[in-house]
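Listed here are the chains, written in short residue letters.
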Amino acid sequence: MKTFLLFLILFAFNKIQAQDTDKSLLKRAKSIVKNLSVKEKIAQTCQLTLDALLKTNDQGQVITPIVLDEKKLVQLIEQDKIGSLLNVSANTLDLKTWRTILEQIHGIYLSKRVKIPIIYGVDAIHGANYIVGGTLFPQEIGLSATWNLELARKMGMITAYETRASGVPWNFSPVLDLGRKALWSRYFETLGEDQHLASEMGAALVKGYQGSALNSPYSVLSCMKHFVGYSYPNSGRDRTPAWIPERQMKELFLPSFKAAVDAGALSVMINSGSVNGIPGHMNKNLLTNILKGEFGFKGFAVSDWEDIRMLHTVHKIAENQKEAIVLAINAGLDMSMVPYYGNYREYLDLFHEAFMEGKISKTRLDDAVTRIIYAKLKLGLFETPMYPLDQYPDFGSKEFQATAKQAALESITLLKNDKQTLPLKKSEKILLLGAVADNLIFQNGSWTHTWQGVDSSFNTQNALNIKQAFQNKIAPSLLKYEKGYELTLLNNWENCALVDLSKVIEEAKLCDKIVVCLGEMPATEKPGDIRSLNLCEAQLKLVEELQTLGKPIILVCLFGRPRIIRTIEPLASAIVNAYLPGDYGSSALVDLLYGEENFSGKLSYTFPKYDGVMEHYDYVNAETLSGKTNKNDAIDPQWPFGFGMSYTSYSYSNLSLSKTSMVRENDSIIAKITVSNNGKIAGKEVVQWFITDEYASISPANKKLKYFEKIDLLPNQTKTIEFVIHPSDLKFVGENNEWILEKGNFIISVENFKSTFNLD
Ligand code: BGC
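A. Up close: the site of the ligand. In the neighbourhood of the ligand, the contacting residues comprise Leu86, Asp123, Phe172, Arg186, Lys225, His226, Arg239, Met269, Asp304, Trp305, Trp447 and Glu525. One of the side-chain nitrogen or oxygen atoms of Asp123 is found 2.5 Å away from an oxygen atom of the ligand. With respect to the ligand, the side chain of His226 contributes an N or O atom lying 2.7 Å from an oxygen atom. Burial of the ligand by the surrounding chains reaches 96%, relative to a free accessible area of 310 Å². Broken down by class, the residue content of the shell around the ligand amounts to 5 nonpolar, 1 polar and 6 charged.

In structure tokens form, the structure reads like this:
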């Protein structure tokens, strides 16, 4: 007891100290801002892309290998005093080049030629994906399928370590947009369809990135993306309008951002699209009232790429660029990703004009700059903009790679396994098929060494693709690889064609089992727009032709989002969803296929069966009614949210509730369930707790995920898992668009067990 009290006192003391430091940093930020001229303040809000500082040829193209242009460096940083830089140039850079660039940039501050250090940001969204030799993790959609918060935190920590090693202290990650439109080209960047899972995993990533102190050599500032509603475009195409009622906005799309703010995130990037006709970059209600006001966000908001300009050029709201700046800054935007060299002068001048004309107040400008400077102070950039390289001995280490592999192992999801087709036996002869099995780009996806990720010339040396991982696992005589189909871009659209079908059929006759790897071209943002979720014909055709031979077919899906495989699902004996598992994903996959590791990934989205029907696990009852069968069986996904099999079998028993009634204030019910591993091998099970409101003033969801825990279970081991239900777990957004609690009956469910309780 005494120790506990001491702990409490120490904890409270630490908290007070941290608050004090934050208070004094804020004070320091304000006094720095006080001593800046208006022009210097405006320059702090200006962010340019690295290309703006690079030497170019006579046609204005960046010369490669890239070199900083001394003249531009002096002009932009020393004279115009811009506050921020971002991005990599065309492709990934090695650690040495990164550090040389950053040393030159920070050198200007260190030699006291400017008063304020630059904050440099990069998209290290699945590991340090823009540094040669950086450790590449699964993309977020795969990470969310691990349902493992500790792994998410570790991925954040390792990414922070390696990013800061390059001299970059700011990461444009995580994406907290919900994955509810599979057509959207950035679906793979999300943490799936559920707000609770995305909130928990997102907060874990933020904690990993930011660590316990932002000024540590191993932390980076996390940037929440993209506030808010970006992932739900009506058309499915990137950066097109979303229409989201306030209820849905509050209940589904905002919570993951609130959770990240509570986890300490101190920067946010804004949605490039519009919600309900209002572009994200001028949405004062969302940005100022909700994010900065209600959520208490103390960090700064950066625009997305060129997005202030786009209020004029694309959204057709601002009549000119000056009005665009006024609208965005007054809505609560603090920094503009301008980001081109050609536009920065205009941005600085028009901002200044608008300020002098009183269109932007001193209070607003000071607030924006104080927020930016506060983050720079928190990062310790004023003291140490960059730490020595010898502080990073673990960059790209085997240990980091092992964590990335563990993330892949725990994300890859077994969706079907008839007649124990898997695990494969090392004595079986395997025909491995698929263009995606023979190149790392298909297991990494976009934001890997290049923006779109299609150029394989930058692939990580020594990382294995699927074919190589098989070659490492079994004797050459037992493995035959054929492409089967080719996957390319034709006029920028994904294009697929069968390759040597007759040869493939002949090879198939000679093997015991056929592993067909299916996949997509890496793509993101507007270039990644697609028109249908149907998998390209040639891949389907290949499987159809093969099944006539009667050999067991195993499908491995390298999908950044669900693609429709309804017609070939019955033709396969086993199906594995590998998502975009990163550089170490192939060895994880092959270990799983051969049963050296056990599957534990669970879908973080509802896998659709049909192209035209989008379903989510939290559907309402009306969606279940079928006019064909007159039953409640209309919801018909290929696989449900949370689904994933393993090589062992778990049984659930003894669901119990500490009581069956709860009052609104200070009350709780303890729910318990017993989970046992009845199989012969160890495994990890994700215990998923859902709550259903039986009747409510707003049509209630079928069920809502409220709590989950990933547990380890040895053979014959049993564990009892607890979920403490609080009244807040029963809240929903009511008719007046406010979070409310309504009395009534509720159902708690875990696996196939259900129990009821009520709220008085
Ligand atoms: C993307 C952002 C990204 C930014 C900087 C934009 O086009 O939408 O997600 O962080 O570029 O690279």
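B. Up close: the packing of helix 6 (residues 149-165) against helix 15 (residues 398-411). Contact geometry for helix 6 and helix 15: axes closest at 10 Å, N-to-C directions at 145°. Pair helix 6 / helix 15 crosses with left-handed handedness. The segment helix 6 lies against helix 15, with Leu151, Lys154, Ile158, Tyr161 and Glu162 engaging Phe400, Thr403, Gln406, Ala407 and Glu410. The residue inventory of the contact of helix 6 with helix 15, partitioned by class, reads 5 nonpolar, 2 polar and 3 charged.

C. Examining the environment of Tyr594 more closely. By the element assignment, Tyr594 lies in the loop between helix 20 (585-593) and strand 19 (650-657). For the pair Tyr594 and Gln321, spaced 273 residues apart in the sequence, the C-alpha separation amounts to 59 Å. In this structure, Tyr594 is in contact with Pro423, Leu424, Lys425, Lys426, Ile430, Phe470, Lys473 and Ile474, ignoring residues within four places of it in sequence.

D. Region of interest: helix 14 (residues 362-378). The end-to-end C-alpha distance of helix 14 is 24 Å, a good match for the 24 Å that 17 residues give at a rise of 1.5 Å each. Most of helix 14 sits out of view: 13 of its 17 residues are buried. Positive phi appears at Gly380, one or two residues downstream of helix 14, with a value of about 75°.

E. View of the domain arrangement of the chain. What the domain assignment lists for the chain is domain 1 (36-356 + 379-391), domain 2 (412-593) and domain 3 (648-759). The gap between the C-alpha centroids of domain 1 and domain 2 is 33 Å. At the interface, 28 residues of domain 1 touch 30 residues of domain 2. Between domain 1 and domain 2, a total of about 2300 Å² is buried, with carbon and sulfur atoms accounting for 58% of that surface. Among the residues of domain 1 in contact with domain 2, Leu136, Leu183 and Phe188 are the three that bury the most area, contributing 23% of the side total.

F. Region of the structure containing unusual backbone geometry. Along the chain, Phe227 connects to Val228 via a cis peptide bond; the corresponding omega equals -10°. Along the chain, Val228 turns up in the loop between strand 5 (221-227) and helix 8 (246-253). Omega for the bond connecting Leu422 with Pro423 falls within 30 degrees of zero, at 0°, which places this linkage in the cis form. Phi at Trp447 takes a positive value of approximately 55°, unusual for a residue other than glycine.

G. Layout of the pattern of salt bridges. Scanning the model with the defined rule gives 53 salt bridges in all. The partner of Asp334 in a salt bridge is Arg364, with the nearest N and O atoms 2.6 Å apart. With Asp334 in the loop between helix 12 (321-331) and strand 10 (336-337) and Arg364 in helix 14, the pair connects residues that are 30 residues apart, well separated along the chain. Exposure class is identical for Asp334 and Arg364. Each is buried. It is possible to trace a salt-bridge network through shared partners that takes in Arg180, Arg247, Glu251, Asp618 and Lys704.

H. Up close: the state of the cysteines. Scanning the model with the defined rule gives 1 disulfide in all. Each disulfide pairs two cysteine sulfurs, and for Cys496 the partner residue is Cys536, the sulfurs being separated by 2.5 Å. Highlighted residues: Cys496 in strand 15 (residues 493-498) and Cys536 in the loop between strand 16 (513-519) and helix 19 (537-547), separated in sequence by 40 residues. Grouping residues by exposure puts Cys496 and Cys536 together as buried. Cys511 takes part in no disulfide bond, and the closest cysteine sulfur to it belongs to Cys517, at a distance of 13 Å. In this model Cys517 remains outside any disulfide bridge; the closest cysteine sulfur is found in Cys557, 9.2 Å from its own. Judged by relative accessible area, Cys517 falls into the buried class, the value being 0%.

I. Local environment of the sheet that holds strand 9 (residues 300-302). Reading across from one edge, 9-6-5-4-3-2-1-10 is the order of the 8 strands in this open sheet, with parallel pairing throughout. This sheet does not close on itself; its edge strands, each paired only once, are strand 9 and strand 10. Note that strand 2 (residues 84-86) and strand 3 (residues 119-122) share 3 bridges and pair parallel. Among the inter-strand pairings, Ser84 is bridged to a residue of strand 3, identified as Ile119.

Reading the values: rules and limits
- Residues numbered from 1 in each chain as written.
- Predicted model: local features only at pLDDT ≥ 70, side-chain atom pairs only at ≥ 80, totals over all residues.
- Heavy atoms only, no water.
- Near = heavy atom within 4 Å.
- Polar contact = N/O pair within 3.5 Å; in protein donor to acceptor, adjacent residues only side chain to side chain.
- Areas by Shrake-Rupley, 256 points an atom, 1.4 Å probe, with all protein chains shown as cover.
- Nonpolar A, V, L, I, M, F, W, Y, C, P; charged D, E, K, R; others polar.
- Axes fitted to C-alpha atoms, helices over the stretch in contact; angles between N-to-C directions.
- Helix = DSSP H or I, 4+ residues; strand = E, 2+ residues; numbered from the N terminus.
- Left-handed = near helix turned anticlockwise from the far one by under 90°.
- Contact = heavy atoms within 4.5 Å.
- Expected span 1.5 Å × (residues − 1).
- Buried < 20%, exposed > 50% of the residue type's maximum accessible area, 1.4 Å probe, protein only.
- Domains from an automatic or database assignment.
- Buried area = accessible area lost by both parts, 1.4 Å probe.
- Salt bridge = Lys/Arg side-chain N within 4 Å of Asp/Glu carboxyl O.
- Disulfide = S-S within 2.5 Å.
- Pairing = 2+ DSSP bridges.

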